[in-house]
There are 2 protein chains.
Amino acid sequence: MIIDCHGHYTTAPKALETWRQAQIAGIRDRAAMPRAGDLHISDDELRESIESNQLRLMKQRGIDLTIFSPRASFMAHHIGDFEVSSTWAAICNELCFRVAGLFPDRFVPAAMLPQSPGVDPATCIPELQRCVQQYGNVAINLNPDPSGGHWTSPPLSDRHWYPIYEKMVEYQIPAMIHVSTSCNACFHTTGAHYLNADTTAFMQCLTSDLFKDFPTLRFVIPHGGGAVPYHWGRFRGLAQELGKPLLKDHLLNNIFFDTCVYHQPGIDLLSRVIPVDNILFASEMIGAVRGIDPETGHPYDDTRRYIEASSMLSGSDRWKVYEGNARRVYPRLDAALQARGA
Amino acid sequence: MIIDCHGHYTTAPKALETWRQAQIAGIRDRAAMPRAGDLHISDDELRESIESNQLRLMKQRGIDLTIFSPRASFMAHHIGDFEVSSTWAAICNELCFRVAGLFPDRFVPAAMLPQSPGVDPATCIPELQRCVQQYGNVAINLNPDPSGGHWTSPPLSDRHWYPIYEKMVEYQIPAMIHVSTSCNACFHTTGAHYLNADTTAFMQCLTSDLFKDFPTLRFVIPHGGGAVPYHWGRFRGLAQELGKPLLKDHLLNNIFFDTCVYHQPGIDLLSRVIPVDNILFASEMIGAVRGIDPETGHPYDDTRRYIEASSMLSGSDRWKVYEGNARRVYPRLDAALQARGA
């Protein structure tokens, strides 16, 4: 089985964006604020948006299952207050739940949280609980910078975040550490902010003892870990300077990297440097990079081709990257698969 | 000849730091503000600080010449106002000039600028001119985020920065795009902020047409280009989505990457992905990562070993990385070398 641990609902029907625009307008003009119930998207519309996009490409590429969460760049936690984020997260999570219900063999949901800058993350717990208990979500996306590029929250190692971690441990769900749109003109969203956040999150963990407090907490760092594998020697050396244990003991029981790296040399480096037990297959399809690479004639984000072509990976290594690791890192996914005999 | 294009004076005599602490204290208590003339460091002290550190390691590693600039993390442009930065930059640049004078075959100076958050970069030009005309500096370090991790300046593509670029073009000097200490708790200085800034700067160039306005402007992106080479496919794909030319035409006449990547797989990726004409040898020695890599028994930052061991590079490629590219990217260095028959 080939499990893509990083897919977002980037192709939702237009009505969703229209509703969101109305909600944003409603922040300034409360009378114009739409209700959640004003949004109507039929099952047929959902089906169509998936069949012609993600599912079509999954079939083409031989991907069996996608862990599917709301569109990352649309989370935009910096917009409005907790109430705005809360309504928006509930709507987006419900849509992913419905998609998973329509294609139960193909999509398993992961939740966005109703984060809001300066607001206690504990406020996210009711939505998190709902998504796990009622919607069968197997993971969350946690935004380390709900300000959208101004980085006003404390580091992930701060007790600020502990209420979320306590629930994650209780439910045995990992968090993908994933920022949203940058509203800082310095940072291009998908070309800088995403990768910077990946590197930043890793270093926040490295300098701390977070995983002593939460030995079973699991973070998935997307986009191949940002700059981390390329600079693995730098990070090993910094950990050494700081008197920390070897990275494999200090972090690699808890941190995993996805394979959203869009060329062969990148995947080769990832698989050469990072232990195979810490690599999870993913494509973030349909996402930031949708074109055909003129150097290969294939889509940049068809990451399975790079995994297949990697000379570093044995057959059993590939099984881990495609399936085995995901079952271990996402125990609720494994349980759901086992319950249906998969 | 082996030229290291990225060395900082990280080992200056203690008196420098003591003076800086007094200056910082003087920001709140003007009566206590030291004068530049209060700092006394003898030639013997400078000589000793270099001979026992950088020069010792250069000899060990067979590095002939270092482009030498003030300690990056100590630039700390966020501290105080323009006046504070101006005095501090003048002192630091003078020290690097004196080091170059004491070891003329070994060190060539590059300047830090007296940047200050919210202050017009044009204010940096007198110091830049002094460093080029009187001190023989062959390059500058340009900080894209003088706020120290809050990213409050416009992107490098903004006209805000053009006065600096006009002088760079006039003098034929490149800028290494190098941030300083992070005072944002989210970003570890050398483990996150530096790498993030490298990636950010590259993407600011990618989304813009800066090099149409300045076809001969040259940026050196340090630390192996941050996350850029590892995600080269992503950047190629993003440029394509944005309707930009191929990266080699769009950016690689103007952007160069150094080799401050502290393990073999990273250097292998860099030399596999980035055209050899765009790679400049560097170690940032003595810098952030000073230890011995237990996996190799050699210092992490002994980057020459990785270049030597790279199977991607031919003999003539290595000549470019070590010397040829530096002579092209730093024309004033080449002129100075030629003037002395080197």
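First things first, this report covers the structure right here in the doc. (Residues numbered from 1 in each chain as written. Chains lettered and ligands numbered in written order. Predicted model: local features only at pLDDT ≥ 70, side-chain atom pairs only at ≥ 80, totals over all residues. Heavy atoms only, no water.)

Concerning helix 1 (residues 14-28) of chain A
Residues and elements named next belong to chain A.
Here's step 1: The end-to-end C-alpha distance of helix 1 is 23 Å, a good match for the 21 Å that 15 residues give at a rise of 1.5 Å each.
Here's step 2: What helix 1 keeps buried is the set Leu16, Trp19, Arg20, Gln23 and Gly26. Axial view of helix 1: buried residues confined to an arc of 115 degrees, hence all on one face. Exposed side of helix 1, more than 90 degrees from the buried face: Lys14 and Arg28 are the residues found there.
Here's step 3: Of the surrounding elements, those touching the buried residues of helix 1 are helix 4 (72-75) and helix 5 (82-102). (Helix = DSSP H or I, 4+ residues; strand = E, 2+ residues; numbered from the N terminus. Expected span 1.5 Å × (residues − 1). Buried < 20%, exposed > 50% of the residue type's maximum accessible area, 1.4 Å probe, protein only. Arc of directions from axis to C-beta. Contact = heavy atoms within 4.5 Å.)

Topic: the interface of chain B and chain A
Here's step 1: If you look at the interface, chain B gives 59 residues, while chain A gives 58 residues.
Here's step 2: With both chains or domains summed, chain B and chain A bury close to 4,800 Å², and 57% of this area falls on carbon and sulfur atoms.
Here's step 3: The three residues of chain B that bury the most area against chain A are B:Cys186, B:Tyr230 and B:Arg234, which together make up 18% of that side's buried surface.
Here's step 4: Between chain B and chain A we count 6 salt bridges in total.
Here's step 5: Across the contact surface, chain B and chain A share 28 residue pairs in polar contact (both at pLDDT 80 or more).
Here's step 6: Those elements giving two or more residues to the side of chain B that touches chain A turn out to be helix 8 (189-206), helix 10 (232-241) and helix 12 (264-273) of chain B.
Here's step 7: Here the side of chain B that touches chain A gets 10 residues from one element, more than from any other, and that element is helix 8 of chain B.
Here's step 8: Here the side of chain B that touches chain A is composed, by residue class, of 28 nonpolar, 22 polar and 9 charged. (Buried area = accessible area lost by both parts, 1.4 Å probe. Salt bridge = Lys/Arg side-chain N within 4 Å of Asp/Glu carboxyl O. Polar contact = N/O pair within 3.5 Å; in protein donor to acceptor, adjacent residues only side chain to side chain. Nonpolar A, V, L, I, M, F, W, Y, C, P; charged D, E, K, R; others polar.)

Things to note about the pattern of salt bridges
Here's step 1: According to the stated counting rule, one finds 41 salt bridges over all chains in the structure shown.
Here's step 2: A salt bridge links A:Arg30 to A:Asp81, with the shortest nitrogen-to-oxygen separation between them at 4.0 Å. On the criterion of sequence distance, the pair formed by A:Arg30 in the loop between helix 1 and helix 2 (43-51) and A:Asp81 in the loop between helix 4 and helix 5 is long-range, its members being 51 residues apart.
Here's step 3: One salt bridge in this structure joins A:Arg272 and B:Asp268, with 3.0 Å as the shortest N-O distance. Here A:Arg272, found in helix 12 (residues 264-273), pairs with B:Asp268, found in helix 12, and the two come from separate chains.
Here's step 4: Looking at A:Arg272, the relative accessible area reads 38%, which means it is partly exposed.
Here's step 5: Assessed through its relative accessible area of 16%, B:Asp268 is described here as buried.
Here's step 6: Ionic contacts of the salt-bridge type, sharing partners, join the residues A:Arg61, A:Asp301, A:Asp302 and A:Arg305 into one network.

A closer look at the relation of the copies chain B and chain A
One copy of the chain maps onto the other through a rotation about an axis plus a displacement along that axis.
Here's step 1: Mapping chain B onto chain A leaves a residual RMSD of 0.0 Å; the transformation is a rotation of 180 degrees accompanied by 0.0 Å of translation along its axis. Taken together, the rotation and translation relating the two chain copies correspond to the operation of a two-fold axis. Taking the C-alpha atom as reference, chain B places B:Ala227 closest to the rotation axis, 2.1 Å from it.
Here's step 2: Of the interface residues in chain B, 98% have counterparts in chain A that sit at the interface too, so the contact is made through matching surfaces. (Least-squares fit on C-alpha atoms with pLDDT ≥ 70 in both.)

A short note on the packing of aromatic side chains
Here a ring pair, both rings aromatic, is described through the centre-centre distance and the interplanar angle of the planes.
Here's step 1: If you walk through the whole model with that rule in mind, you get 32 aromatic pairs over all chains.
Here's step 2: Taken together, the ring pairs in this structure connect A:Tyr162, A:Tyr165, A:Phe211, A:Phe214 and A:Phe219 into an aromatic cluster.
Here's step 3: Here B:Arg71 stacks its cationic end above the ring of B:Phe74, 4.2 Å away from the centre of that ring. (Phe/Tyr/Trp six-rings, centres within 6.5 Å; stacked < 30°, edge-to-face > 60°. Lys NZ or Arg CZ within 6 Å of the ring centre and 35° of its normal.)

In short, shape yes, function no, at least from these values alone.
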